[in-house]
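# Fold and geometry: a report
Chain by chain, the residues:
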Amino acid sequence: MAYDNDNIFAKILRGEIPSEKLYEDDDTYVFMDIMPRVDGHCLVIPKTPARNMLDATPEQLAACLKTAQKMSHAVMKAFDADGITFQQFNEAAGGQEVFHLHYHILPRHEGTPLRAPGQMADFGVLKEQAEKIRAAL
Ligand code: AMP
């Protein structure tokens, strides 16, 4: 399957649509998920095109994992979390909805289930949570 340059995360990378940025380096970009399954739910993406894990280069995967570990420590600290759920979906059959490689980082607390999918965040709350994560980095 081909990479679509007009997917929503490609538009975020080009600055065509807004995102609540948490971190970036030469190879990766991190921002808040706008339909968070838990407080602090964020997404790590490569800056270069990859549809998902199946077509990504080893370099893209390595860069994303390196950033994901850094962000996991930051959200653990920011939300005093007990653990991290790390998710990544490949193709529609695998649960993927946005076709630019991305990793979900979800800070978890003992006994607290994930919220249902598809619930839009309050953007004021999202910004406050992003500030806590940026401070923890
Ligand atoms: P999936 O492809 O199934 O891993 O899910 C895509 C994720 O992207 C979902 O968790 C959405 O809430 C999230 N998402 C979709 N559009 C945006 C956006 N504009 N900014 C931030 N997150 C988004």
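The rules behind each value
- Residues numbered from 1 in each chain as written.
- Predicted model: local features only at pLDDT ≥ 70, side-chain atom pairs only at ≥ 80, totals over all residues.
- Heavy atoms only, no water.
- Core = buried A, V, L, I, M, F, W, Y, C linked by side-chain atoms within 4.5 Å.
- Buried < 20%, exposed > 50% of the residue type's maximum accessible area, 1.4 Å probe, protein only.
- Helix = DSSP H or I, 4+ residues; strand = E, 2+ residues; numbered from the N terminus.
- Contact = heavy atoms within 4.5 Å.
- Salt bridge = Lys/Arg side-chain N within 4 Å of Asp/Glu carboxyl O.
- Near = heavy atom within 4 Å.
- Polar contact = N/O pair within 3.5 Å; in protein donor to acceptor, adjacent residues only side chain to side chain.
- Nonpolar A, V, L, I, M, F, W, Y, C, P; charged D, E, K, R; others polar.

### Considering the nonpolar core
The biggest cluster of nonpolar side chains holds 23 residues, and the ones touching the most others in it are Leu22, Val44, Met71 and Ile133. Put simply, the parts of the chain that give this core at least two residues each are β1 (21-24), β2 (28-32), β3 (42-46), α2 (58-78), β5 (103-108) and α3 (123-136). If we ignore the near neighbours within four places in the chain, the residues touching isoleucine 133 are Leu22, Met32, Gly40, Met71, Ala74, Val75, Ala78 and Phe79. Counting residues in hydrophobic clusters, the runner-up holds six residues, among them Phe9, Ile12, Tyr29 and Phe31.

### Remarks on unusual backbone geometry
With a phi angle near 50°, aspartate 80 is a residue other than glycine that sits in the positive phi range. Within the fold, aspartate 80 resides in the loop between α2 and β4 (83-87). By relative accessible area, which is 63% here, aspartate 80 ends up exposed.

### Some details on the pattern of salt bridges
Applying the stated rule across the entire model yields eight salt bridges. Here arginine 14 makes a salt bridge to aspartate 6, at a shortest N to O gap of 3.5 Å. Taking relative accessible area as the criterion, arginine 14 reaches 40% and is therefore assigned partly exposed. The class for aspartate 6 is partly exposed, based on a relative accessible area of 49%. Notably, a salt bridge pairs glutamate 20 with lysine 127, separated by 3.1 Å at the nearest N-O pair. In this pair, glutamate 20 sits in the loop between α1 (8-13) and β1 while lysine 127 sits in helix α3, placing the two residues 107 residues apart along the sequence. Judged by its relative accessible area of 15%, glutamate 20 falls in the buried class. Its relative accessible area of 42% is what places lysine 127 among the partly exposed residues.

### Focus on the site of the ligand
As a structural note, the neighbourhood of the ligand is formed by 16 residues, with Asp33, Gly95, Glu97, His102 and His104 the closest of them. Note that a nitrogen atom of the ligand is positioned 3.4 Å from one of the backbone N or O atoms of isoleucine 34. Take valine 98: an N or O atom from its main chain is 2.9 Å from an oxygen atom of the ligand. Within the residue set of the shell around the ligand, elements represented by two or more residues are α1 and β2. Considering every element that reaches the shell around the ligand, the biggest residue donor is α1, with three residues. Residue composition of the shell around the ligand, by class: ten nonpolar, four polar and two charged.

### Considerations on the environment of asparagine 52
Note that asparagine 52 resides in the loop between β3 and α2. By relative accessible area, which is 1% here, asparagine 52 ends up buried. Setting aside residues up to four positions removed in sequence, asparagine 52 forms contacts with Gln88, Phe89, Asn90, Glu91, Gln96 and Leu101. A distance of 2.9 Å separates a polar side-chain atom of asparagine 52 from the backbone nitrogen of leucine 54.

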